[in-house]
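# Residue-level structural notes
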Amino acid sequence: MLRIYNSLTRVTEPFVPLEPPRVRMYVCGMTVYDYCHLGHARVMIVFDVVQRWLRASGYQLTYARNITDIDDKIIRRAAETGEPVTALTERFIRYMDEDAAALGVQKPDLEPRATRHIDGMLAMIGKLEERGFAYRAESGDVNFSVRKSPGYGRLSGKSIKDLRAGERVEIDQSKRDPLDFVLWKRAKEGEPFWQSPWGNGRPGWHIECSAMSTKLLGAHFDIHGGGQDLQFPHHENEIAQSEAALNESESLPFVKYWMHNGFVRLQDEKMSKSTGNVTTVRQLLARYDAEVVRFFVVRAHYRSPLNYSDEYMEDARHALARLYTALKSAPLDASAPDWNDAYGRRFREAMDADFNTPEAVAVLFDLANEVNRARTAAPARQLRALGGLLGLLQRDAVDFLRFVAPSRAAAKTVTDGITPVTSQRAYSDEAIEQMISARSEARKAKNYVRADQIRKDLERAGIVLEDSPQGTTWRRG
């Protein structure tokens, strides 16, 4: 049985959907004003694995992941670039989609945009005002009164006395309490706005997810996910305003299971756009195969910190190459996993234990060893099938092993809408094949000095030769 660590209760609990076999999941997505970085990639990949496993487990999943397309940072960036907000957001939504597709992230079932759900946000704010949870401040903003929410702080695990305004929470003298947060922001000169009962303005950041999730998934749903940095204040505020607005059933929580993936760290510091401590997905893809990046994310448990370095990425590349090496002679096969064999059972046990992908990846390596020993089709089919549940090992093995990552310099050439080009290869595929043929002829002629020299020349260019009774194959190391 699947068990999930619930951030709300801080316990790993059996997963029992509200309306089995139906499952509804909402994940906080991107604020689209810049390129996605590795932290964003982790969120997308983590919950892509979650949705794959839920579907593989027989659940009827509806998966929603939102897009924040109106926000202070978006407005500032549009002003800096001198373009309309909609042009900026459309451009970065396109880049986000390209990055996600490259990383093997499947599209969610629903992808709501904040600007298309303004009416729902206004309706929710109206309910909060009617019930005494919202007030209009002297500034013209409409704020949520945190101290009227009796359970506030239970997600972050802090008492209301100890809580301080967190990231994105502005201190405003017109607030009744520093912890109060904005639901509707009064429009400033030259900013985008929508009409409302409280004047022209735009929604606060937190209200959008409450309005969109309950509109699309219902007043109560099964899983709400996102990065650990969203736990406070964003998700804490979501719970407070949603429960205050809905108040339909005291016996059911707004969300039953809360899931948060760990931080990504770069040079021992949290990766963050605000500090400039980021590596974008496009910079990574200019240097590494996209599946290597995905494998790097997947082989760490989603709740643990993920430490990025060139050395870790190189290790991920070599490790994934070992799995593909086991599949060199195996045809592409879309077979379903065999849950009755030992590897299938171990894989399921790992994934059912709070999506323990490190253990699931360990099963793949044990299975790869079995493929190398057995030299039969069944283990190779199982390896591909189980790997597919993690979004891995679905390509032709020879093609993957011959991949050459672009040079590090290419990472600096990423510009808007341009896909980085690969560096020049020391040897083309055709030249390598010709050198292998020349080496084979030299060996037949017992000219081993010449044969060894060809091998060394190829090794210096990063080309690894592998001899077998069936002939010589090669890959780029």
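Residues numbered from 1 in each chain as written. Predicted model: local features only at pLDDT ≥ 70, side-chain atom pairs only at ≥ 80, totals over all residues. Heavy atoms only, no water.

Let us now look at the nonpolar core. In terms of nonpolar packing, the biggest core is built from 131 residues, with Leu128, Phe347 and Leu390 touching the most fellow members. When residues in this core are grouped by element, the largest group, 11 residues, is from helix H1 (residues 38-56). Discounting residues that sit within four places of it in the chain, Leu390 has contacts with Val49, Arg294, Val298, Phe347, Met351, Thr357, Ala360, Val361 and Leu364. (Core = buried A, V, L, I, M, F, W, Y, C linked by side-chain atoms within 4.5 Å. Buried < 20%, exposed > 50% of the residue type's maximum accessible area, 1.4 Å probe, protein only. Helix = DSSP H or I, 4+ residues; strand = E, 2+ residues; numbered from the N terminus. Contact = heavy atoms within 4.5 Å.)

Strand order across the open sheet formed by 4 strands is E5-E6-E7-E8, with antiparallel pairing between neighbours. Edge positions in the sheet fall to strand E5 (134-136) and strand E8 (201-203), since each has one partner strand and no second. Going across the sheet, the axis of each strand differs from the next one's by a mean of 25°, ignoring polarity. As paired strands, strand E6 (residues 142-144) and strand E7 (residues 181-186) are joined by 3 bridges and run antiparallel to one another. Across the sheet, residue Phe144 finds its bridge partner in E7, namely Phe181. Where helix H4 (residues 118-130) meets the sheet, its contacts fall on E5, E6, E7 and E8, and the angle it forms with E7 comes to roughly 120°. (Pairing = 2+ DSSP bridges. Axes fitted to C-alpha atoms, helices over the stretch in contact; angles between N-to-C directions.)

A few words now on the layout of surface pockets. Approximately 500 Å³ is the volume found for the second largest pocket. Thr325, Ala326, Lys328, Ser329 and Arg375 are the residues nearest the centre of the second largest pocket, which is lined by 23 residues in total. Of all the secondary-structure elements, those providing two or more residues to the lining of the second largest pocket are helix H11 (357-374), helix H12 (377-388), strand E14 (463-468) and strand E15 (471-476). Here the residues of the lining of the second largest pocket are counted per class, giving 9 nonpolar, 9 polar and 5 charged. (1 Å grid on protein atoms, 1.4 Å probe; cavity = no way out; pocket = protein on both sides within 12 Å on 5 of 7 lines; lining within 4 Å. Points joined across faces, edges and corners; volume = space filled by probe spheres on them. Nonpolar A, V, L, I, M, F, W, Y, C, P; charged D, E, K, R; others polar.)

This part is about the pattern of salt bridges. Within the structure shown, the criterion is met by 33 salt bridges. Between Asp97 and Lys107 there is a salt bridge, and its shortest N-O distance comes to 3.4 Å. On the criterion of sequence distance, the pair formed by Asp97 in helix H3 (residues 85-102) and Lys107 in the loop between H3 and H4 is long-range, its members being 10 residues apart. Lys107 gets classed as exposed once you look at its relative accessible area, which sits at 51%. Overlapping salt bridges bring together Arg65, Asp97, Lys107 and Glu111 as one network. (Salt bridge = Lys/Arg side-chain N within 4 Å of Asp/Glu carboxyl O.)

Turning next to the pairing of strand E2 (residues 11-14). Across 4 bridges, strand E1 (residues 3-6) lies against E2 in antiparallel orientation. Across the sheet, Ile4 pairs through a bridge with Glu13, a residue of E2.

Following both chains from N to C, one finds H4 and helix H6 (residues 231-246) inclined at 75°, their axes separated by 9 Å at the closest point. Taken together, H4 and H6 sit at an angle that is classed as roughly perpendicular. Mapping the contact onto sequence places Met124, Lys127 and Leu128 in H4 and Gln241, Ala244 and Ala245 in H6. When its residues are assigned to classes, the contact of H4 with H6 shows 4 nonpolar, 1 polar and 1 charged. (Parallel < 35°, antiparallel > 145°, perpendicular 65-115°, else oblique.)

This next bit is on the confidence of the model for the chain. For any part of a model where pLDDT is low, the fine detail of the predicted coordinates should not be relied upon. For the chain, per-residue confidence averages 89 on the pLDDT scale, and 90% of positions sit at 70 or higher. Segment residues 404-425: pLDDT under 50, and 37 contacts once partners within four positions in sequence are set aside and those in other chains are kept. (pLDDT = per-residue confidence, 0-100.)

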